[in-house]
Amino acid sequence: MTVRSGESVLVVIDMQNYFVRDVSAHIVPVIADLVARWRSAGNDVVFTRYVNHPGSPYERLLGWTECMEPPQIEIVDELRAHARQATAVIDKKGYNLFADAGGAALIAGRGWRDIYLCGIATENCVLATALGAFELDLTPWLIEDASASHRGRHAHDAGVFVAGSFIGGRQIISVADIPALPTVPEDRNL
């Protein structure tokens, strides 16, 4: 595995107020450090936000009406400055970054081939985006220790297990597996 400048992107999925809870908050500092190191190496970062809407399949079929407006849809405070400095912040209406025309066009337009994924929820949006990348003949890398579920560890573990069967077990990595990311001093300016 190599992080190839210009061909690799870090996608931070749905680190929003609604999804970051006690059982998922432990990944916030992991992601903050990863994003800072990734950017300091000159690599691109994309943040996604899930935004629900009236009449969506989530409302219609699941009866779920959350994440329609602030503060639920906002990126958590600890990552907001990173999101402002990201290559892009994509608002999506579904699980998968690639299901929305804007997300798919951004990835294709930039020529990114290696898609490093982290965020929430491993069993939903992270998994769906990994599968979407795989089906577009891109190379997804699911960063397990920088991903979590707002439903708890059992849901995260299930997502990792299913991802391994969809995209391959060697595509499940940890932050430590990512080569050549510099250390960023603690007093860094965002």
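In every chain, residue numbers begin from 1 and rise along the written sequence. Two thresholds apply to this predicted model, a pLDDT of at least 70 for residue-level local features and 80 or more for giving and counting side-chain atom pairs, whereas whole-chain, interface and lining totals are computed over all residues. The side-chain values count all of the structure's non-hydrogen atoms but skip hydrogen atoms and water molecules.

Caption draft 1: Representation of the environment of V35 in the model. Labels follow the DSSP assignment, with helices taken as runs of H or I lasting at least four residues and strands as runs of E lasting at least two, numbered in each case from the N terminus. Relative to the elements of secondary structure, V35 occurs in helix α1 (residues 27-40). Sequence spacing of V35 and V12 is 23 residues, and the spatial spacing of their C-alpha atoms is 8.5 Å. When checking whether two residues touch, look at their non-hydrogen atoms; a contact exists if any pair is within 4.5 Å. Ignoring sequence-local partners within four residues, the contact set of V35 consists of L10, V12, V45, F47 and H82.

Caption draft 2: Examining the layout of surface pockets more closely. Computed over the protein atoms alone on a 1 Å grid, cavities are sets of points where a 1.4 Å probe fits but cannot get out and pockets are open sets with protein on both sides within 12 Å along at least five of seven lines; a residue lines them when it has an atom within 4 Å of a point. Grid points are joined across faces, edges and corners, and a volume is the space filled by probe spheres set on the points. Of the volumes computed, that of the largest pocket is approximately 270 Å³. Taken together, 14 residues form the lining of the largest pocket, with F19, W64, Y95, N124 and R151 sitting closest to its centre. Breaking the lining of the largest pocket down by element, the ones donating at least two residues are α2 (57-62) and α5 (122-135). A breakdown of the residues in the lining of the largest pocket according to their chemical character gives ten nonpolar, two polar and two charged. Gly is put with the polar residues, along with every residue not named as nonpolar or charged; the nonpolar set is Ala, Val, Leu, Ile, Met, Phe, Trp, Tyr, Cys and Pro, and the charged set is Asp, Glu, Lys and Arg.

Caption draft 3: Broad picture of unusual backbone geometry. Following P70, the chain continues to P71 via a peptide bond in cis, the omega torsion being 5°. With respect to the helices, strands and loops of the structure, P71 is situated in the loop between α2 and α3 (77-84). For the bond from I120 to A121, the omega torsion is -5°, close enough to zero to count as cis. A positive phi angle is found at C67, which is not glycine, with a value near 60°. Assignment of secondary structure puts C67 in the loop between α2 and α3. Positive phi is not limited to glycine here, since D137 has a value of about 65°. Mapping D137 onto the fold places it in the loop between α5 and β5 (139-148).

In short, geometric facts, not functional conclusions.
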